[in-house]
Amino acid sequence: MEHDHTNDMRIRVRDSATRTLNRLTAVVAFGAIAGVAVLGVAGSYTVSGTTSSALGATASTSTTSGTTSNALQSSSTSVGSSSSTGVAVSGGS
Amino acid sequence: MNNTILWYTTRGAGAVSLVLLSAVVVLGVLSTLRYESPTWPRFLTTGLHRNIALTAVVFLALHIVTAVVDPFTHLGWLTAVVPFSSYYRTFWLGLGTIAFELLLAITVTSLVRGFIGHGTWRAIHWLAYASWPIAVMHGLGTGTDTWSVWMLAIDAVCFVAVLAAVAARLLTTSPDPLAADRARFRERVSRKTPR
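On a predicted model such as this, the values are computed, not experimentally measured, just so you know. (Residues numbered from 1 in each chain as written. Chains lettered and ligands numbered in written order. Predicted model: local features only at pLDDT ≥ 70, side-chain atom pairs only at ≥ 80, totals over all residues.)

### What about the overall build of chain A?
When helices and strands are counted, chain A shows 5 helices and 0 strands. Counting from the amino terminus, helix and strand elements in chain A follow one another as α-α-α-α-α. Counting every position in chain A, which comprises 93 residues, the buried fraction comes to 10%. (Helix = DSSP H or I, 4+ residues; strand = E, 2+ residues; numbered from the N terminus. Buried ≥ 20, exposed ≤ 12 C-beta atoms within 10 Å, placed from the backbone.)

So, in structure tokens, the structure goes:
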């Protein structure tokens, strides 16, 4: 009688642990799928190439403006029309 | 499929694979320590270790397939199989190939453990201690997001977790209650075995 009771307890503990194992595995699997999505989106905001190339473009504009300062100062309308030439004004002054 | 989505998936799956691999290593070390409690029997550790390892292989496959089929990278399937055959970042991608092949060897031998014997399985399973750091080096060397704050945080957490588990393994003596009996048995068997 005592032996049966102990076996029942063991079976219950093992069943409970198996359910826990299945639940944890499902959580890990779905968490990993969500992780790929979340980290993919996070990665899309931290693409190093995009940021550095934009900075490079700004730098090249200002350098060019330094060599052609007269032309830029004479045409004030074009400077106001776009942001890249707006940077060029600082080089011309 | 959009090339950009493939690229983001490659990066996301790579980071997730690192997390999963680190969890597999930690659980593997915990299973050797024979950790258990009334609510956490030992087979839960080994079962979770096995299941997460298989999940890691799936996500690693996703990482590799999306990287190879991405037409922008032109890596080719040979890069995924032959180490150091890539034209792009040859060394760092080669490390990734080696880490993947070691993991594949560990997984396959674990699935056929009953056929190859415990000794062979155990010897090959030790490769896990090489596979994980090689995978980490691959990520640090060629990862686009290596220096992002979130990726550095993931790397740090994985590194500390694995280091703590390995330290616990080295500092803790085997709690195997039959360790002394096993040693005595092996000694007697080796004495009786004719040379």
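Still to come is the rest of the account.
### Digging into the overall build of chain B
Within chain B, the regular secondary structure consists of 9 helices and 0 strands. When the helices and strands of chain B are placed in sequence order, the string is α-α-α-α-α-α-α-α-α. Across its three principal axes, chain B shows a C-alpha extent of roughly 65 × 40 × 25 Å. Considering only contacts within chain B whose residues lie at least 6 apart along the sequence, 66% involve residues at least 24 apart. (Contact = placed C-beta atoms within 7 Å.)

### A closer look at helix α4 (residues 90-111) of chain B
All names here are of chain B. Under the 1.5 Å per step criterion, the end-to-end length of α4 is 31 Å for 22 residues, consistent within 8% with the ideal 32 Å. Those residues of α4 not exposed but buried are Leu93, Gly94, Leu95, Gly96, Thr97, Ala99, Phe100, Leu103 and Ile106. Elements in contact with the buried residues of α4: α2 (42-69), α3 (77-81), α6 (118-125) and α7 (128-142). (Expected span 1.5 Å × (residues − 1).)

### Quick word on the interface of chain A and chain B
Contacts between chain A and chain B engage 19 residues on the former and 21 residues on the latter. By residue number, the principal contributor to the side of chain A that touches chain B is helix α1 (residues 2-45) of chain A, which donates 17 residues. Looking at the side of chain A that touches chain B residue by residue, the class counts come to 11 nonpolar, 8 polar and no charged. (Nonpolar A, V, L, I, M, F, W, Y, C, P; charged D, E, K, R; others polar.)

### As for the confidence of the model for chain A
A residue-level look at chain A finds 46% of positions with pLDDT of 70 or above and a mean pLDDT of 62. Counting contacts from residues 48-93 of chain A, a segment whose pLDDT is below 50, to residues more than four positions away or on other chains yields 26 contacts. (pLDDT = per-residue confidence, 0-100.)

### Section: the confidence of the model for chain B
Per-residue confidence for chain B averages 86 on the pLDDT scale, and 95% of its residues sit at or above 70. Predicted complex, confidence summary: ipTM 0.77, pTM 0.73.

### A look at the nonpolar core
Val16, Leu20, Val24 and Ala56 of chain B are the most contacted members of the largest nonpolar core, which has 40 residues in total. If you list the elements that add at least two residues to this core, you get α1 of chain A together with α1 (3-32), α2, α4, α7 and α8 (149-171) of chain B. The residues touching Val24 of chain B, leaving out its near neighbours within four places in the chain, are His49, Ile52, Ala53 and Ala56 of chain B. (Core = buried A, V, L, I, M, F, W, Y, C linked by C-beta atoms within 7 Å.)

### Description of the environment of Ser110 of chain B
Residues and elements named next belong to chain B. Inspection of the secondary structure assignment puts Ser110 in helix α4. What makes Ser110 partly exposed here is the crowd of 16 C-beta atoms within 10 Å. Remark: the alpha-carbon pair of Ser110 and Trp121, spanning 11 residues in sequence, is separated by 6.7 Å.

### A closer look at the environment of Asn51 of chain B
All names here are of chain B. Of note, Asn51 is situated in helix α2. Residue Asn51 is classed as partly exposed on the basis of its 19 C-beta neighbours within 10 Å. Here the alpha-carbon distance between Asn51 and Ala99, two residues 48 residues apart in the chain, equals 19 Å.

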